[in-house]
Amino acid sequence: IATGLTLDQSEPIPFEGELINEGGQQFRMGNYNSTINLLIASVKWYPYSFKSYRHLAAAYKAQGKEVPIDEFAYLEMLNQKDFANANRVFDEAREKFPGWLIFSEQSIYDTGHKFLNTGDVKAALEVFKIYVQAFPKSWYSFDSLAAAWAKLGNKKEAIVNYKKVLELSADNEAARKALAIA
C-alpha cells in the first residue's frame, strides 16, 4: 500500500484510495475482517471521507453486523421533507455510531441547495441544520445555513453563521461581503 506523510511530516500514512482498493480486494475474497481493519484505519486517518464509511458498512453487513441507515435512504427522508424522522435517525446514528458519516458532504450540500434554489427555504434550513452538525469543520455548511437564514430575513442568525464561516475560512470574501451588508 502506497503511503504519504502526515501534515506535520512525522509519520507515513497510507493513501485513502489505496486502503479502499485493498479493502475492496479483501472483501471480494471474503476476508471481511481484513476489510474491516483496513477501513477502520482509513476512517481514522480520513474521518470526513464518506467513501470509507460506505465500504465499511458493506463489510459489516456481510458479517451480519448493524450499521447506520444508508445514504440513499437518509437522503430520501430529507427529500420527502420528513425532517422529524430525519433528525431522530441522525441523532440515533450519532449516538450509536459516534463519528460515522451516514452521508457525504456533497450529498447534504446538494440536497439543501436544491430546496434553497427552488424557493423552499424552510426545507433548506432544516437540511442545513443537519449539515452543520455532521460537518462542523466545514465552512460550506455554515455558509449554507447563513444563506438560508438570510433568505428568511433572520439577520441575527445569518450574521452568527457568516462569522462562523470566517472563523473556519478567514479569507472568505463572500462571507465578509455578506456581513458588511447584513
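Below is a short write-up of the structure. Just so it is clear, the structure is predicted and the values come from calculations on it, not from any experiment.

## Quick notes on the packing of aromatic side chains
- In the structure shown here, the tally under the stated rule is 14 aromatic pairs.
- With centroids separated by 6.0 Å and ring planes inclined at 25 degrees, the aromatic side chains of Phe90 and Phe103 adopt a geometry described as stacked. Of this pair, Phe90 sits in helix α5 (residues 83-96) while Phe103 is found in the loop between α5 and α6 (105-117), placing the two residues 13 residues apart along the sequence. For the residue pair Phe90 and Phe103, the accessibility class agrees, reading buried in each case.
- Here the aromatic rings of Phe97 and Trp100 are separated by 5.9 Å at their centres, their planes lie at 65 degrees, and the arrangement is edge-to-face. In this pair, the class of Phe97 matches that of Trp100, namely buried.
- Aromatic ring contacts, followed pair by pair, group Tyr48, Tyr74, Phe90, Phe103, Tyr109, Phe128, Tyr131, Phe135, Trp139 and Tyr140 into a single cluster.
- For the cation-ring pair, Lys114 lies above Phe115, with the distance from its terminal atom to the ring centre recorded as 4.5 Å.
- Looking at Lys164, its charged tip hangs above the ring of Phe142, at a distance of 5.6 Å from the centre.

## Some details on the layout of surface pockets
- There is about 200 Å³ of room inside the largest pocket.
- In terms of lining residues, the largest pocket is bounded by 13 residues, among which Gly99, Trp100, Leu101, Gln133 and Ala134 are the most central.
- Among the elements that make up the lining of the largest pocket, the one with the highest residue count is α5 (three residues).

Conventions used here
- Residues numbered from 1 in each chain as written.
- Predicted model: local features only at pLDDT ≥ 70, side-chain atom pairs only at ≥ 80, totals over all residues.
- Heavy atoms only, no water.
- Phe/Tyr/Trp six-rings, centres within 6.5 Å; stacked < 30°, edge-to-face > 60°.
- Helix = DSSP H or I, 4+ residues; strand = E, 2+ residues; numbered from the N terminus.
- Buried < 20%, exposed > 50% of the residue type's maximum accessible area, 1.4 Å probe, protein only.
- Lys NZ or Arg CZ within 6 Å of the ring centre and 35° of its normal.
- 1 Å grid on protein atoms, 1.4 Å probe; cavity = no way out; pocket = protein on both sides within 12 Å on 5 of 7 lines; lining within 4 Å.
- Points joined across faces, edges and corners; volume = space filled by probe spheres on them.

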